[in-house]
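So you can see what is in the structure, the chains are spelled out below.
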Amino acid sequence: MRIGIVCYPTYGGSGVVATELGKWLAQNGHQVHFITYSQPQRLDTINENIYYHEVRIRNYPLFEHAPYELALASKMVDVSIHEKLDILHVHYAIPHASAAYMAREILRTKGIYIPFITTLHGTDITLVGKDPSYEPVVTFSINQSDAVTSVSEDLKKETLEQFTINKPIVVIPNFVDISRFKKQRKDHFKKAICPNDEHLLVHVSNFRKVKRVEDVLWVFEKINQVLPSKLLLIGDGPERMRIEQLTRELNLCDNVRFLGKLDAIEEVLSVSDLFIMPSEKESFGLAALEAMACEVPVISTNVGGLPEINIDGITGYMSNVGDTQDMAKNALRILDKENLPRFKKNALEQAKKFDSNLIIPKYVELYNRILMHSTIQE
Ligand code: GMT
């Protein structure tokens, strides 16, 4: 199959899922064409089946806002024709689904039918998508998609509650490459960060408000009063400055390190004891799944799709949003040396259920189904 993948190339779950999906498809003999405005963060391997097409936005003094969606739709048309694509798969509804709709309709006027699949990831529905400034276009383009997928049961439910949807939504959860995300021996690294055998806690996100990174610090502060620990914060984003400031105010600078947009996250996860995800909203929680694959238990909130991956009392614990007292209490329970090995083992067992080799074939199956169907409909 020749598949066009459209995604955000930035540090965020939807881009990671799209890129890892494309890499797996390419390794399994499909031809994959990434269409984005810059090289996706995780597109770090060379494969003869992977192509990258950059969307160039031509600016003009008249434009206060560059018309990205038009440039993207035009690029999709161009790539579809010249690379003879079979299908387009767009990740994150805004503006990718409406650009795909436009591309499909332009191609239709040229006698070509390229179906498109929209994967809903989270904030495209739960935060941005339902804003009245986008809602009519989001509803329309979801309904016009040839197929729609969501990354959790909860996101499907929320989409059906918030929008008037007349298309079936197929749930295909996030997945993890367990050959990459696995516990590695990195003792030297652990020793450098935790010279006195402290426990190592970790958080990975794009530092947006919805991630509530300040709660990570409040939880850490409480844990650290009882159990000497270190905290690594991976990622970057709009909240970073505020979090740095809070770290100073809480007098935690000696025990907290900001590592920025790290590529080899699995190396840090390999030496971590606990992952903290105190999000206000989280449609799935890919970063938590990657941690679990590296045998790291999870302290999370109980929102969105998190209960679908973090099993309370088994792979970690869940608390209400903002209840940092409960999160710290649960964290100490996990870090107890009697309990930690069991939680680590359970985290890995749970992650294995989301192995890419088990989940990604569901996308391939969907592509085949849509292609069969759209040939008949043409
Ligand atoms: O907030 C992020 O981490 C990025 C965001 C995105 O769409 O880029 O992630 C969403 O998609 C991920 C992949 O499907 C999910 O694992 C995340 O839970 C989801 N984030 C939110 O719902 C806040």
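Residues numbered from 1 in each chain as written. Predicted model: local features only at pLDDT ≥ 70, side-chain atom pairs only at ≥ 80, totals over all residues. Heavy atoms only, no water.

Undergrad: Mind showing me how you'd approach the overall build of the chain here?
TA: Looking only at helices and strands, one finds 14 helices and 13 strands in the chain. Relative to the 2.2 N^0.38 estimate, which gives 21 Å for 378 residues, the radius of gyration of the chain is 21 Å and therefore close to what a compact globule would have. Seen through its C-alpha atoms, the chain measures out along the principal axes to roughly 70 × 45 × 40 Å. Of the contacts formed within the chain by residues at least 6 apart in sequence, a portion of 69% connects residues at least 24 apart. (Helix = DSSP H or I, 4+ residues; strand = E, 2+ residues; numbered from the N terminus. Rg over C-alpha atoms; globule rule 2.2 N^0.38 Å. Contact = heavy atoms within 4.5 Å.)

Undergrad: Where do I start with helix α13 (residues 340-352) in this structure?
TA: Think of an α-helix as turning once every 3.6 residues; residues three or four places apart then point the same way. Counted at 1.5 Å a residue, the expected span for α13 with its 13 residues is 18 Å, and the 19 Å between its end C-alpha atoms agrees. Every buried residue belonging to α13 is among Leu340, Phe343, Lys344, Asn346, Ala347, Leu348, Gln350 and Ala351, and all of these are buried. Where α13 is buried, its residues meet β8 (199-204), α11 (286-293), β13 (316-319) and α12 (324-335). (Expected span 1.5 Å × (residues − 1). Buried < 20%, exposed > 50% of the residue type's maximum accessible area, 1.4 Å probe, protein only.)

Undergrad: Would you mind going over the layout of surface pockets with me for this structure?
TA: In this approach a probe as big as a water molecule rolls over the atoms, and the regions it shows empty are the leftover space. Put simply, the largest pocket is a space of about 850 Å³. For the largest pocket, the lining is made up of 40 residues, of which Gly12, Gly13, Ser14, Asn206 and Arg208 are closest to its centre. Put simply, the parts of the chain that give the lining of the largest pocket at least two residues each are α1 (13-27), α4 (123-126), α10 (265-269) and α11. The dominant element in the lining of the largest pocket, judged by the number of residues it contributes, is α1, at four residues. A per-class count over the lining of the largest pocket returns 16 nonpolar, 15 polar and nine charged. When residues of the lining of the largest pocket are sorted by domain, at least three fall in each of domain 1 (2-175 + 356-377) and domain 2 (187-352). The space that makes up the second largest pocket amounts to roughly 290 Å³. (1 Å grid on protein atoms, 1.4 Å probe; cavity = no way out; pocket = protein on both sides within 12 Å on 5 of 7 lines; lining within 4 Å. Points joined across faces, edges and corners; volume = space filled by probe spheres on them. Nonpolar A, V, L, I, M, F, W, Y, C, P; charged D, E, K, R; others polar. Domains from an automatic or database assignment.)

Undergrad: I keep staring at the site of the ligand and nothing clicks. Help me out?
TA: Around the ligand sit 19 residues in total, of which His121, Asn174, Arg208, Glu282 and Ser283 are the nearest. Considered on its own, the ligand offers 480 Å² of accessible surface; in the complex 94% of this is hidden by protein. For the ligand, the cavity whose grid points lie within 2 Å of the majority of its atoms is the largest pocket. Residues belonging to the shell around the ligand are distributed by class as follows: five nonpolar, ten polar and four charged. When residues of the shell around the ligand are assigned to domains, at least three fall in each of domain 1 (2-175 + 356-377) and domain 2 (187-352). (Near = heavy atom within 4 Å. Areas by Shrake-Rupley, 256 points an atom, 1.4 Å probe, with all protein chains shown as cover. Sits in = over half its atoms within 2 Å of the grid points.)

Undergrad: What am I meant to see in the pairing of strand β4 (residues 87-91) here?
TA: Where a strand is regular, its side chains alternate between the two sheet faces. Within β4, five of the five residues are buried, leaving the element largely enclosed by the surrounding structure. In β4, alternate side chains face the same way, and those of Ile87, His89 and His91 on one face and Leu88 and Val90 on the other are all buried. Both strand β1 (residues 2-6) and β4 contribute to a ladder of four bridges, which runs parallel. Each residue of the ladder has a partner; that of glycine 4, found in β4, is leucine 88. With four bridges joining them, β4 and strand β5 (residues 116-120) adopt parallel strand pairing. Within β5, the residue paired with leucine 88 across the bridge is phenylalanine 116. The parallel pair β4 and β5, bridged by helix α3 (residues 93-109), forms a crossover whose chirality is right-handed. (Pairing = 2+ DSSP bridges. Right-handed = clockwise from strand over helix to strand, strands pointing away.)

Undergrad: I tried to follow the sheet that holds strand β7 (residues 169-171) on my own but got confused; where do I start?
TA: Within a sheet, each strand pairs with its neighbour through backbone hydrogen bonds, oriented either parallel or antiparallel. Pairing is parallel across the open sheet formed by seven strands, whose spatial order is β3-β2-β1-β4-β5-β6-β7. Looking at the sheet topology across the chains shown, the edges are occupied by β3 (50-54) and β7. Pairwise comparison of adjacent strand axes, ignoring direction, gives a mean angle of 25° for this sheet. Packed onto the sheet, α3 meets β1, β4 and β5 and runs at close to 170° relative to β5. (Axes fitted to C-alpha atoms, helices over the stretch in contact; angles between N-to-C directions.)

Undergrad: Would you explain a nonpolar patch on the surface in this entry?
TA: A cluster of nonpolar side chains, Tyr60, Leu62 and Phe63, forms an exposed patch at the surface whose accessible area comes to about 340 Å². Mapping tyrosine 60 onto the fold places it in the loop between β3 and α2 (68-82). By relative accessible area, which is 44% here, tyrosine 60 ends up partly exposed. (Patch = residues over 30% accessible without salt bridge, like charges linked within 9 Å, V, L, I, M, F, W, Y side chains within 5 Å. Salt bridge = Lys/Arg side-chain N within 4 Å of Asp/Glu carboxyl O.)

Undergrad: Which parts of the structure should I look at to understand the nonpolar core?
TA: A general feature of soluble globular proteins is that nonpolar side chains tend to end up buried together. If you look at the biggest cluster of nonpolar residues, it comprises 73 residues, and the most contacted ones within it are Leu25, Leu269 and Phe275. Considering every element that reaches this core, the biggest residue donor is helix α14 (residues 356-377), with eight residues. Aside from chain neighbours lying at most four places away, what touches phenylalanine 275 is Val202, His203, Val204, Leu269, Ala287, Ala288, Ala291, Val296, Pro297, Val298 and Ile299. Counting residues in each nonpolar core, the second largest holds 26 residues, with Val216, Phe220, Leu233 and Leu274 among its members. (Core = buried A, V, L, I, M, F, W, Y, C linked by side-chain atoms within 4.5 Å.)

Undergrad: Would you mind going over the environment of proline 361 with me for this structure?
TA: On the secondary structure map, proline 361 appears in helix α14. Judged by its relative accessible area of 30%, proline 361 is partly exposed. In this structure proline 361 touches Trp24 and Ser356, once residues within four positions along its chain are discounted.

Undergrad: Explain the environment of leucine 85 to me, please; I cannot follow it from the model alone.
TA: Its location among the elements puts leucine 85 in the loop between α2 and β4. Residue classification places leucine 85 among the buried residues on the basis of a relative accessible area of 5%. Taking the C-alpha atoms as reference, leucine 85 lies 7.3 Å from isoleucine 114; in sequence the two are 29 residues apart. Ignoring any residue separated from it by four or fewer positions in sequence, one finds leucine 85 in contact with Arg2, Ile3, Gly4, His33, Val79, Ser80 and Ile114.

Undergrad: Explain the domain arrangement of the chain to me, please; I cannot follow it from the model alone.
TA: Frequently, the measure chosen for interface size is the accessible area removed from exposure when the parts meet. Domain boundaries assigned for the chain yield domain 1 (2-175 + 356-377) and domain 2 (187-352). Averaged C-alpha coordinates put domain 1 and domain 2 at centres separated by 31 Å. Contact between domain 1 and domain 2 buries roughly 1,500 Å² in total, counting both sides, with carbon and sulfur atoms accounting for 55%. Counting across the domain 1 and domain 2 interface gives one salt bridge. (Buried area = accessible area lost by both parts, 1.4 Å probe.)

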